[in-house]
Amino acid sequence: MKLTFLAVLCAFFLMAGMASAQQRGDLALGFGTLISTPSSSATGSYAPQSVGGGLFPTFSVDFLLRHHLGVSGEISWRLRQNLYEGYEPFRPIFYDLNGIYSRRVGKSLGVEAMAGIGAESARFYSGQYSCNFITCTDYTSSNHFLEHVGVGVKIYVHGNFFIRPEAHLYLIQTNTVFSSGRAERVGASIGYTF
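Because the structure is predicted, anything quoted here is derived from the model rather than measured. (Residues numbered from 1 in each chain as written. Predicted model: local features only at pLDDT ≥ 70, side-chain atom pairs only at ≥ 80, totals over all residues. Heavy atoms only, no water.)

1. Description of the side chain of Ser36
- Within the fold, Ser36 resides in strand 1 (residues 24-36).
- Exposure remark for Ser36: the relative accessible area of 18% places this residue in the buried category.
- Of the polar contacts made by the side chain of Ser36, one reaches the side chain of Ser50; its length is 2.8 Å.
- Separated by 3.0 Å, the side chain of Ser36 and the backbone nitrogen of Gly52 make a polar contact.
- With near-sequence residues (within four places) excluded, Ser36 lies in contact with Ser50, Val51, Gly52, Arg182 and Ala183. (Helix = DSSP H or I, 4+ residues; strand = E, 2+ residues; numbered from the N terminus. Buried < 20%, exposed > 50% of the residue type's maximum accessible area, 1.4 Å probe, protein only. Polar contact = N/O pair within 3.5 Å; in protein donor to acceptor, adjacent residues only side chain to side chain. Contact = heavy atoms within 4.5 Å.)

Encoded structure:
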(Lines give C-alpha, C1' and ligand atoms only; values in the text may rest on other atoms or scores of the structure.)
Protein backbone atom coordinates (compact mmCIF):
# COMPACT_ATOMS: atom_id res chain seq x y z
CA MET A 1 0.00 0.00 0.00
CA LYS A 2 2.92 2.35 0.72
CA LEU A 3 4.28 1.72 -2.78
CA THR A 4 0.87 2.47 -4.30
CA PHE A 5 0.57 5.73 -2.38
CA LEU A 6 4.09 6.74 -3.41
CA ALA A 7 3.39 5.92 -7.08
CA VAL A 8 0.17 7.96 -7.08
CA LEU A 9 1.86 10.87 -5.33
CA CYS A 10 4.76 10.84 -7.84
CA ALA A 11 2.34 10.65 -10.77
CA PHE A 12 0.35 13.59 -9.41
CA PHE A 13 3.44 15.79 -8.97
CA LEU A 14 4.82 14.71 -12.35
CA MET A 15 1.54 15.59 -13.98
CA ALA A 16 1.33 18.94 -12.18
CA GLY A 17 4.88 19.79 -13.27
CA MET A 18 4.29 18.80 -16.87
CA ALA A 19 0.77 20.22 -17.22
CA SER A 20 1.95 23.56 -18.54
CA ALA A 21 4.13 21.88 -21.19
CA GLN A 22 1.50 19.37 -22.32
CA GLN A 23 -1.58 19.80 -24.39
CA ARG A 24 -3.64 17.74 -21.95
CA GLY A 25 -3.54 15.15 -19.22
CA ASP A 26 -5.96 13.06 -17.18
CA LEU A 27 -5.90 11.82 -13.61
CA ALA A 28 -8.47 9.20 -12.57
CA LEU A 29 -9.54 6.81 -9.81
CA GLY A 30 -11.56 3.78 -10.78
CA PHE A 31 -13.10 0.57 -9.54
CA GLY A 32 -13.80 -2.66 -11.37
CA THR A 33 -13.38 -6.39 -11.29
CA LEU A 34 -11.10 -8.93 -12.93
CA ILE A 35 -12.47 -11.73 -15.09
CA SER A 36 -10.29 -14.76 -15.80
CA THR A 37 -10.40 -18.47 -16.51
CA PRO A 38 -12.19 -20.36 -13.71
CA SER A 39 -9.99 -22.66 -11.63
CA SER A 40 -12.03 -25.67 -12.82
CA SER A 41 -10.92 -24.90 -16.42
CA ALA A 42 -7.14 -24.90 -15.75
CA THR A 43 -5.25 -27.09 -18.23
CA GLY A 44 -1.67 -28.22 -18.76
CA SER A 45 0.83 -26.57 -16.43
CA TYR A 46 -1.64 -23.95 -15.12
CA ALA A 47 -2.56 -24.16 -11.41
CA PRO A 48 -6.24 -24.64 -10.54
CA GLN A 49 -6.60 -21.12 -9.10
CA SER A 50 -8.37 -18.17 -10.72
CA VAL A 51 -6.83 -14.70 -10.44
CA GLY A 52 -10.23 -13.12 -11.12
CA GLY A 53 -13.00 -11.79 -8.92
CA GLY A 54 -13.08 -9.18 -6.21
CA LEU A 55 -12.98 -5.40 -6.29
CA PHE A 56 -9.99 -3.78 -8.02
CA PRO A 57 -9.29 -0.08 -7.34
CA THR A 58 -7.26 1.61 -10.10
CA PHE A 59 -5.22 4.80 -10.37
CA SER A 60 -4.42 6.08 -13.85
CA VAL A 61 -2.68 9.06 -15.36
CA ASP A 62 -2.06 10.07 -18.97
CA PHE A 63 -0.37 12.89 -20.88
CA LEU A 64 -0.98 13.77 -24.49
CA LEU A 65 2.32 14.69 -26.07
CA ARG A 66 1.35 15.41 -29.65
CA HIS A 67 -2.16 15.91 -31.02
CA HIS A 68 -4.13 12.90 -29.73
CA LEU A 69 -1.15 10.64 -28.91
CA GLY A 70 0.56 10.28 -25.57
CA VAL A 71 1.60 8.04 -22.72
CA SER A 72 -0.37 6.56 -19.83
CA GLY A 73 0.22 4.50 -16.74
CA GLU A 74 -2.06 2.49 -14.48
CA ILE A 75 -1.90 0.46 -11.30
CA SER A 76 -4.72 -1.84 -10.24
CA TRP A 77 -4.87 -4.29 -7.33
CA ARG A 78 -7.34 -6.55 -5.60
CA LEU A 79 -8.69 -4.61 -2.61
CA ARG A 80 -9.08 -7.63 -0.31
CA GLN A 81 -6.85 -10.67 -0.24
CA ASN A 82 -8.11 -13.90 -1.76
CA LEU A 83 -7.11 -17.42 -0.70
CA TYR A 84 -4.74 -19.33 -2.98
CA GLU A 85 -6.04 -22.89 -3.32
CA GLY A 86 -8.05 -22.36 -0.14
CA TYR A 87 -5.26 -21.72 2.35
CA GLU A 88 -2.69 -19.00 1.48
CA PRO A 89 -3.74 -15.33 1.33
CA PHE A 90 -2.71 -13.55 -1.90
CA ARG A 91 -3.31 -10.30 -3.76
CA PRO A 92 -2.66 -9.66 -7.50
CA ILE A 93 -1.37 -6.24 -8.55
CA PHE A 94 -1.27 -5.13 -12.20
CA TYR A 95 0.71 -2.16 -13.46
CA ASP A 96 1.36 -1.01 -16.99
CA LEU A 97 2.80 1.78 -19.16
CA ASN A 98 1.09 2.46 -22.47
CA GLY A 99 0.97 4.45 -25.61
CA ILE A 100 -2.46 6.10 -25.74
CA TYR A 101 -4.75 7.61 -28.36
CA SER A 102 -7.28 9.94 -26.72
CA ARG A 103 -9.70 12.27 -28.44
CA ARG A 104 -12.55 14.42 -27.30
CA VAL A 105 -15.58 13.95 -29.54
CA GLY A 106 -17.94 16.86 -29.03
CA LYS A 107 -18.45 18.74 -25.80
CA SER A 108 -19.34 15.84 -23.50
CA LEU A 109 -17.75 12.71 -24.96
CA GLY A 110 -14.23 11.37 -25.40
CA VAL A 111 -12.71 8.07 -26.54
CA GLU A 112 -9.38 6.45 -25.78
CA ALA A 113 -7.45 3.33 -26.73
CA MET A 114 -4.14 2.19 -25.25
CA ALA A 115 -1.59 -0.57 -25.65
CA GLY A 116 1.58 -1.26 -23.72
CA ILE A 117 3.56 -3.45 -21.38
CA GLY A 118 3.68 -4.00 -17.65
CA ALA A 119 3.75 -6.66 -14.97
CA GLU A 120 1.57 -8.71 -12.69
CA SER A 121 2.82 -9.08 -9.13
CA ALA A 122 1.04 -11.82 -7.20
CA ARG A 123 1.81 -11.27 -3.52
CA PHE A 124 1.52 -14.30 -1.26
CA TYR A 125 1.16 -13.41 2.43
CA SER A 126 2.84 -15.77 4.89
CA GLY A 127 2.28 -13.94 8.18
CA GLN A 128 6.05 -14.13 8.76
CA TYR A 129 7.93 -10.85 8.50
CA SER A 130 11.17 -10.59 6.56
CA CYS A 131 13.24 -7.44 7.16
CA ASN A 132 16.16 -5.79 5.43
CA PHE A 133 17.83 -2.44 6.07
CA ILE A 134 14.99 -0.52 4.36
CA THR A 135 11.69 -2.22 5.25
CA CYS A 136 9.86 -5.28 6.53
CA THR A 137 7.35 -7.31 4.49
CA ASP A 138 5.12 -10.28 5.21
CA TYR A 139 4.79 -11.51 1.63
CA THR A 140 6.70 -13.01 -1.28
CA SER A 141 6.00 -11.96 -4.87
CA SER A 142 5.61 -13.89 -8.08
CA ASN A 143 6.20 -11.34 -10.87
CA HIS A 144 5.31 -11.78 -14.53
CA PHE A 145 5.72 -9.62 -17.64
CA LEU A 146 2.47 -8.75 -19.42
CA GLU A 147 1.09 -7.06 -22.50
CA HIS A 148 -1.90 -4.77 -22.05
CA VAL A 149 -4.60 -3.25 -24.26
CA GLY A 150 -7.53 -1.16 -23.11
CA VAL A 151 -10.37 1.07 -24.29
CA GLY A 152 -12.56 3.64 -22.57
CA VAL A 153 -15.28 6.16 -23.26
CA LYS A 154 -15.13 9.42 -21.29
CA ILE A 155 -18.45 11.03 -20.51
CA TYR A 156 -17.83 14.60 -19.33
CA VAL A 157 -20.42 15.29 -16.63
CA HIS A 158 -19.35 18.76 -15.48
CA GLY A 159 -16.60 20.88 -17.06
CA ASN A 160 -13.48 18.68 -17.21
CA PHE A 161 -14.77 16.01 -14.77
CA PHE A 162 -15.56 12.71 -16.45
CA ILE A 163 -16.86 9.20 -15.85
CA ARG A 164 -15.08 6.57 -17.95
CA PRO A 165 -16.49 3.07 -18.50
CA GLU A 166 -13.49 0.94 -19.54
CA ALA A 167 -12.27 -2.54 -20.45
CA HIS A 168 -8.72 -3.93 -20.33
CA LEU A 169 -7.04 -7.14 -21.47
CA TYR A 170 -3.89 -8.50 -19.81
CA LEU A 171 -1.82 -11.22 -21.52
CA ILE A 172 0.42 -12.47 -18.71
CA GLN A 173 3.59 -14.32 -19.71
CA THR A 174 4.90 -17.48 -17.96
CA ASN A 175 2.13 -17.25 -15.39
CA THR A 176 1.45 -20.84 -14.36
CA VAL A 177 0.56 -19.75 -10.80
CA PHE A 178 -3.04 -19.17 -11.93
CA SER A 179 -5.49 -20.99 -14.22
CA SER A 180 -4.65 -18.89 -17.29
CA GLY A 181 -2.27 -16.29 -18.67
CA ARG A 182 -5.21 -14.08 -19.70
CA ALA A 183 -7.32 -11.70 -17.58
CA GLU A 184 -9.81 -8.96 -18.38
CA ARG A 185 -10.55 -5.99 -16.13
CA VAL A 186 -13.83 -4.10 -16.55
CA GLY A 187 -15.02 -1.13 -14.56
CA ALA A 188 -15.39 2.63 -14.47
CA SER A 189 -13.25 5.58 -13.41
CA ILE A 190 -13.95 9.10 -12.24
CA GLY A 191 -11.39 11.61 -13.40
CA TYR A 192 -10.39 15.11 -14.38
CA THR A 193 -8.85 16.42 -17.61
CA PHE A 194 -6.18 19.13 -17.15
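Having seen it, we continue.
2. Regarding unusual backbone geometry
- Residues other than glycine seldom take positive phi values, yet Glu85 does so here, at roughly 50°.
- Secondary-structure assignment places Glu85 in the loop between strand 4 (82-84) and strand 5 (88-104).
- Backbone geometry places Thr174, a non-glycine residue, at a positive phi of 50°.
- Inspection of the secondary structure assignment puts Thr174 in the loop between strand 8 (161-172) and strand 9 (182-193).
- Overall, Thr174 belongs to the exposed group, its relative accessible area being 67%.

3. Some words on empty space enclosed by the protein
- All told, the structure shown has two cavities of 30 Å³ or more when counted by the stated rule.
- Taken together, Ser60, Val61, Asp62, Ser72, Gly73, Glu74, Glu112, Met114 and Arg164 form the lining of the largest cavity.
- At the level of elements, strand 2 (56-66), strand 3 (69-77) and strand 6 (109-131) are the ones that each hand at least two residues to the lining of the largest cavity.
- Across the lining of the largest cavity, the residue classes break down as two nonpolar, three polar and four charged. (1 Å grid on protein atoms, 1.4 Å probe; cavity = no way out; pocket = protein on both sides within 12 Å on 5 of 7 lines; lining within 4 Å. Points joined across faces, edges and corners; volume = space filled by probe spheres on them. Nonpolar A, V, L, I, M, F, W, Y, C, P; charged D, E, K, R; others polar.)

4. Observations regarding a nonpolar patch on the surface
- A surface patch of nonpolar side chains, about 910 Å² in accessible area, is lined by Leu69, Tyr101, Val105, Leu109, Val111, Val153, Ile155, Val157, Phe161, Ile163 and Ile190.
- Where the nonpolar patch is concerned, the elements lending two or more residues are strand 6, strand 7 (136-158) and strand 8.
- Considering each element in turn, the nonpolar patch owes the most residues, three residues, to strand 7.
- Examined against the element boundaries, Leu109 turns out to sit in strand 6. (Patch = residues over 30% accessible without salt bridge, like charges linked within 9 Å, V, L, I, M, F, W, Y side chains within 5 Å. Areas by Shrake-Rupley, 256 points an atom, 1.4 Å probe, with all protein chains shown as cover. Salt bridge = Lys/Arg side-chain N within 4 Å of Asp/Glu carboxyl O.)

5. What to know about the pattern of salt bridges
- Tallied over the entire structure, the rule returns eight salt bridges.
- Residue Glu112 is joined to Arg164 by a salt bridge in which the shortest nitrogen-to-oxygen separation is 3.1 Å. Placement of Glu112 in strand 6 and of Arg164 in strand 8 is noted, with a sequence separation of 52 residues between them. A single burial state applies to Glu112 and to Arg164, both of which are buried.
- Here Glu166 ties to Arg185 by a salt bridge, and the two come within 3.5 Å at their closest N and O atoms. Of the two residues, Glu166 is situated in strand 8 and Arg185 in strand 9; the sequence distance between them amounts to 19 residues. The same class applies to Glu166 as to Arg185, namely buried.
- Put simply, Arg24, Asp26, Glu74, Glu112, Lys154, Arg164, Glu166 and Arg185 are held in one network by salt bridges that share partners.

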